[in-house]
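# Topology and contacts: notes
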Amino acid sequence: MGQTICTPRNRIYGGVISAEDTDIANKTSGTISVTIATVQEQVAISKSIDNLLKMEKTEDKSRVKILLLGGADAGKSTIVKQMRILHMNGFSDDEKRSFYKYLRYNVFQIFHEISLGIQETILSVDDDEKSIVNRFGEGDSYFLSIDEEKEVDILLNFIALKCVRSFMHLYPNYPSLPDNAHYYMPKLADILRPKHTPTAQDILHLRIPTTSVSEINFTFETSSIRLIDVGGQRTYRKKWIHCFDGVAAVMFVASMAAYDQKLDESEVAIEPVLHDAIPAAAAATTIKHLPNRLRDSAHLFGEMLRSKFLLSSAFILFLNKKDLLSKKLISQPLGKYIKGYDGKTTEDASDFIRQYFLKRKSKKDKDRAIYGHYTCATDTKNVEFVFNAACDIVFKKNISKSGMQ
Ligand SMILES: Nc1nc2c(ncn2[C@@H]2O[C@H](COP(=O)(O)OP(=O)(O)OP(=O)(O)O)[C@@H](O)[C@H]2O)c(=O)[nH]1
Ligand SMILES: [Mg+2]
């Protein structure tokens, strides 16, 4: 059989000429008779297009543009999902159901990390459990060739293994475990049921990395908001600059629970994200040591503060994952990962992290107010509160409502 040459056009139409094509062909090959009626029609259409464009322009201007920035896994898209729940009627049943496959994949990712963790900690594994642990450690290729039912069985068998149970007992906060493990692990039997429709909470805990810029538009009180979400992984940060025009506020999201996590892309040399970043001595000294996620995030925060395109934008810092921070501190001392910390309580740790970010302000913007909150992006009530307070800042209504200076 000869090879099909796929031109961009027949790739779109699958090689079949569409009804639309035929219509265009008829129109262009026939004689066109111009009458006064058709001219009037054209003028009317053109006028209505102009009006639409004008309306769109004014609407765009009256929209308040808010940009979510921050490193990967910080919680930006979770905040977008919360806005959908709070201001856009949430998710339809079909949409909820469509998240089921991501849910299974997230569970697989947790198990993959558990398998690697078992191997790294050299936990003893019974002979009959070894091959299963190794299969999960290898990656997802095996799972691509099996059906959904079999996959669910294998996932449920994995969690029953003796070595898996011991690992979770000994290392519930193992640094490479995805953050959503805490939520999904206790409810696996329930959420993996093939008929399960993911709940809003299940969806809020999903980890689906953002790879492109996206936006939602909604009405908040009397204002029209345009909320823009970007991918936080280093490879996607280069796209951010295209969103920097006319930003009323930057909501910078950072995971406080990332203090013991490493960047995925740790081998990549650290480059400034923006060419316009004003060099600061402080930034140059930050990431020389461990390529740690919290450190990377604070560095990025400093870089954004110095961007000349964002100098007139309000900055609101969401120090996120406060729920996980308190869980992790029990077994992972913050001082082991970030120099200079000698506190004891979760409050001490949160305050230290806050200072760690705020000291990225250069001398130049010493007087620039940065507002912020300790947040839990998976908690709808908490996000509602902090988003309302943040909007008060943006709309300059009540600056005293939000404390971090
Ligand atoms: N427990 C807990 N989990 C959170 C919190 N915020 C976000 N998460 C989880 O953290 C993971 C990452 O959240 P995302 O919103 O996808 O992160 P992101 O900043 O959009 O990441 P990128 O798209 O890669 O830039 C998801 O599994 C979320 O459910 C939080 O406050 N507490
Ligand atoms: Mg995202």
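Residues numbered from 1 in each chain as written. Chains lettered and ligands numbered in written order. Predicted model: local features only at pLDDT ≥ 70, side-chain atom pairs only at ≥ 80, totals over all residues. Heavy atoms only, no water.

The protein chain carries the name ADP ribosylation factor in an unreviewed UniProt entry, which gives Pristionchus pacificus as its organism.

So, about the site of ligand 1. Neighbouring ligand 1 are 25 residues, the closest being Lys76, Thr78, Leu204, Thr210 and Gly232. Between ligand 1 and the protein, one listed contact pairs an oxygen atom with a side-chain N or O atom of threonine 78 at 2.5 Å. Between ligand 1 and the protein, one listed contact pairs an oxygen atom with a backbone N or O atom of leucine 204 at 2.7 Å. Within the complex, 99% of the 660 Å² of free accessible area of ligand 1 lies under protein. Contributions of two or more residues to the shell around ligand 1 are made by helix H4 (76–87) and helix H16 (322–329). Counting residues per element, the shell around ligand 1 draws most heavily on H4, which supplies 3 residues. Each residue belonging to the shell around ligand 1 can be placed in one class, and the counts come to 9 nonpolar, 11 polar and 5 charged. (Near = heavy atom within 4 Å. Polar contact = N/O pair within 3.5 Å; in protein donor to acceptor, adjacent residues only side chain to side chain. Areas by Shrake-Rupley, 256 points an atom, 1.4 Å probe, with all protein chains shown as cover. Helix = DSSP H or I, 4+ residues; strand = E, 2+ residues; numbered from the N terminus. Nonpolar A, V, L, I, M, F, W, Y, C, P; charged D, E, K, R; others polar.)

Turning our eyes to something else, we now look at the side chain of glutamine 261. Mapping glutamine 261 onto the fold places it in the loop between strand E4 (249–255) and helix H14 (281–286). Residue glutamine 261 is classed as buried on the basis of its relative accessible area of 8%. (Buried < 20%, exposed > 50% of the residue type's maximum accessible area, 1.4 Å probe, protein only.)

Quick look at the coordination of the magnesium ion (ligand 2) now. Coordination sphere of the magnesium ion (ligand 2), protein contribution only: Ser77 (OG) and Thr210 (OG1), at 2.0 to 2.1 Å. Placement of the pair is serine 77 in helix H4 and threonine 210 in the loop between helix H13 (200–204) and strand E2 (214–220), with a sequence separation of 133 residues. (Donors = N, O, S within 2.8 Å, 3.2 Å for Na, K, Ca; no water.)

Our next topic: the UniProt feature "binding site: Mg(2+)" (unreviewed entry) in the protein chain. Under the local residue numbering, the UniProt record ascribes the feature "binding site: Mg(2+)" (unreviewed entry) to Ser77 and Thr210. Separation in sequence by 134 residues is not matched in space for these annotated residues, since their most distant C-alpha atoms are only 7.6 Å apart. Sequence-distant contacts of serine 77, defined by excluding residues within four places in its chain, comprise Thr210 and Asp229. Other than its neighbours up to four places away in sequence, threonine 210 contacts Ser77, Asp229, Val230, Gly231 and Tyr236. (UniProt positions renumbered as here; feature names shortened; annotations may be inferred. Contact = heavy atoms within 4.5 Å.)

On to the pattern of salt bridges. When the charged atoms of two side chains lie near each other, side chains of opposite charge can form a pair. Per the stated rule, a full pass over the model turns up 14 salt bridges. Salt-bridge contacts for arginine 104 lead to glutamate 148; the nearest nitrogen and oxygen are separated by 3.5 Å. With arginine 104 in helix H6 (residues 100–120) and glutamate 148 in helix H9 (residues 148–159), this pair connects stretches of sequence that are 44 residues apart. Here the salt bridges share partners, and the residues they tie into one network are Asp73, Asp179, Arg207 and Lys321. (Salt bridge = Lys/Arg side-chain N within 4 Å of Asp/Glu carboxyl O.)

This next bit is on the packing of helix H7 (residues 127–138) against H9. At a closest axis distance of 11 Å, the pairing of H7 and H9 adopts a crossing angle of 115°. Between H7 and H9 lies a crossing whose hand is left-handed. Residues Ile132, Val133, Arg135 and Phe136 of H7 form the contact with H9, whose participating residues are Ile154, Leu155 and Phe158. A class-by-class count of the residues in the contact of H7 with H9 yields 6 nonpolar, no polar and 1 charged. (Axes fitted to C-alpha atoms, helices over the stretch in contact; angles between N-to-C directions. Left-handed = near helix turned anticlockwise from the far one by under 90°.)

Taken in spatial order, the 6 strands make up an open sheet running E2-E3-E1-E4-E5-E6, and their pairing is mixed. Each edge of the open sheet carries a strand with a single partner, namely E2 and strand E6 (370–374). Each strand axis lies, on average, 20° off the axis of its neighbour in the sheet, ignoring direction. Here strand E1 (residues 64–69) runs beside strand E3 (residues 223–229); their pairing, made up of 5 bridges, is parallel. (Pairing = 2+ DSSP bridges.)

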